[in-house]
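Residues per chain, in single letters:
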Amino acid sequence: MHLIDLKAFLSELAENNNRAWFVMNKPRYDILRAEFVQLVSALITEIARFDPAIAGCDPKKALFRINRDMRFSHDKSPYKTTFSSSIVPNGRKKPSEGGGPAYYFQLDGNGRLFFACGEYMPPSDRLKAIRTHILNDSAGFQAVLADKKLKREFGSLQEEGKLQRPPKGFDASHALIEYIKFKNFMVWTEVQIEGWDSAQVQSTLLKAFQSAQPLVQWLRAA
């Protein structure tokens, strides 16, 4: 993938986020999107080596649309300024659609590569299932948290949106209650990729995704 061209396109899109500009630059977008599909396809092939469930993921279904959903947003910019993908066994992206834990990454016009693994803001029934799984498999959950490779690549689970009080129906005295308060079960980080090529992006993502496979696997069991 031509990362310099992608960065330039997304940077210009951020400054000209309107339909007229996008239509005029659609040929550029089509080429870059095709290259992005190739990158995602290669990642799926490699991820499937350590996570066979991913082998059936359709790379095109793993891509997010560049069009923004503006229905409930004050920001009426019609386009996203990232290229992003969520890799899950069935190619869907939302837990409510059967997506579950994912390997996610995005590239932006500032030369940043953001990548994450796990589940972001799962719906209430799914969230309850994960919390219950912590109770039923506390040892397995703690083993995931203590995994050295996961901690080295990502640090700890993100606490964004964490509840102030224990959720209803869960014992406030439980040893893992602080994790049961979480609304996300995800790790993420980002790096600058100035001067990188596509192979470096792919190898960085594969190393990180493999380190997070125990978390993904644990969440699938919920």
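Please refer to the structure placed before this passage.
Residues numbered from 1 in each chain as written. Predicted model: local features only at pLDDT ≥ 70, side-chain atom pairs only at ≥ 80, totals over all residues. Heavy atoms only, no water.

Trainee: Please give an account of the nonpolar core that cites residues and values.
Mentor: Core analysis: the largest hydrophobic core is formed by 57 residues, its most contacted members being Phe9, Ile47, Phe83, Ile87, Tyr103, Phe105 and Phe209. Non-local contacts of Ile47, meaning those with residues more than four positions away in its chain, are made with Ile54, Ile87, Tyr103, Leu206 and Phe209. Ranked by size, the runner-up nonpolar core spans 5 residues in total, among them Tyr104, Phe114, Ala116 and Trp188. (Core = buried A, V, L, I, M, F, W, Y, C linked by side-chain atoms within 4.5 Å. Buried < 20%, exposed > 50% of the residue type's maximum accessible area, 1.4 Å probe, protein only. Contact = heavy atoms within 4.5 Å.)

Trainee: Could you give an account of the environment of Ile87, naming the residues involved and the relevant values?
Mentor: You can see Ile87 is positioned in strand S1 (residues 82–87). Taking the C-alpha atoms as reference points, Ile87 and Cys117, separated by 30 residues in sequence, lie 9.5 Å from one another. Not counting the four nearest positions on each side in its chain, Ile87 is found in contact with Val40, Leu43, Ile44, Ile47, Ile54, Cys57, Ala62, Ala102 and Tyr103. (Helix = DSSP H or I, 4+ residues; strand = E, 2+ residues; numbered from the N terminus.)

Trainee: Please give an account of the packing of helix H1 (residues 3–15) against helix H3 (residues 26–50) that cites residues and values.
Mentor: Contact geometry of H1 with H3 gives a least axis separation of 11 Å together with a crossing angle of 135 degrees. Viewed along their axes, H1 and H3 adopt a mutual orientation that is oblique. Seen from above, H1 lies across H3 with left-handed handedness. Residues Asp5, Leu6, Ala8, Phe9 and Glu12 of H1 lie in contact with H3, whose contacting residues are Arg28, Tyr29 and Leu32. Across the contact of H1 with H3, the residue classes break down as 5 nonpolar, no polar and 3 charged. (Axes fitted to C-alpha atoms, helices over the stretch in contact; angles between N-to-C directions. Parallel < 35°, antiparallel > 145°, perpendicular 65-115°, else oblique. Left-handed = near helix turned anticlockwise from the far one by under 90°. Nonpolar A, V, L, I, M, F, W, Y, C, P; charged D, E, K, R; others polar.)

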